[in-house]
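One-letter residues, chain by chain:
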Amino acid sequence: PPEERRELRELRARVEELEGKLAERDTMYDRRVRALRAQYDHLRHEYERRTESGFAGGGGTSGCGDAGAGGARNAAPDREAVLTARIKDLERQGEHTKSYY
């Protein structure tokens, strides 16, 4: 039956078209996930660098002896908690993006 053959050809063409679109989307989303990961790594590195420079300069520049160093130590855990929360949020966003696409 020619009708079935024509319909089968159309369906095969549609499958090939959809597989091509799927491959394009996979590539696009893979790039997006890699870009998010690179951004996450960059931010994490930047936060670590800022945290390390904050610890190194906290006590020596205050001129208040132990009180200044203690103040820098007390502020650091709060900053660290905020940064840790941000990192976890970015990780959750990355996992959501991976699972969604």
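Q: Outline the overall build of the chain, listing residues and values.
A: Secondary structure summary: the chain contains two helices and zero strands in total. Within the span of the chain, comprising 101 residues, buried residues form 13% of the whole. Element-wise, carbon and sulfur atoms account for 52% of the exposed surface of the chain, whose accessible area totals about 8,400 Å².

Q: Report on the environment of Leu83, specifying residues and quantitative values.
A: By the element assignment, Leu83 lies in helix H2 (residues 66-100). With relative accessibility at 14%, the residue Leu83 sits in the buried group. Here the alpha-carbon distance between Leu83 and Arg44, two residues 39 residues apart in the chain, equals 8.3 Å. If we skip the residues at most four places from it in the chain, Leu83 touches Tyr47 and Thr51.

Q: Account for the pattern of salt bridges, naming residues and giving values.
A: Tallying each qualifying case throughout the model produces 10 salt bridges. The partner of Arg6 in a salt bridge is Glu10, with the nearest N and O atoms 3.4 Å apart. You can see Arg6 and its partner Glu10 sitting in helix H1 (residues 2-58), four residues apart, about one turn around the helix. With its nearest N and O atoms 3.7 Å apart, the salt bridge here joins Asp89 to Arg92.

Q: Tell me about the confidence of the model for the chain, and please be specific about residues and values.
A: On average, residues of the chain score 78 in pLDDT, and 75% of them reach the 70 mark or higher. This model gives residues 57-73 a pLDDT under 50, and the stretch forms five contacts once residues within four places in sequence are excluded.

What counts as what
- Residues numbered from 1 in each chain as written.
- Predicted model: local features only at pLDDT ≥ 70, side-chain atom pairs only at ≥ 80, totals over all residues.
- Heavy atoms only, no water.
- Helix = DSSP H or I, 4+ residues; strand = E, 2+ residues; numbered from the N terminus.
- Buried < 20%, exposed > 50% of the residue type's maximum accessible area, 1.4 Å probe, protein only.
- Areas by Shrake-Rupley, 256 points an atom, 1.4 Å probe, with all protein chains shown as cover.
- Contact = heavy atoms within 4.5 Å.
- Salt bridge = Lys/Arg side-chain N within 4 Å of Asp/Glu carboxyl O.
- pLDDT = per-residue confidence, 0-100.

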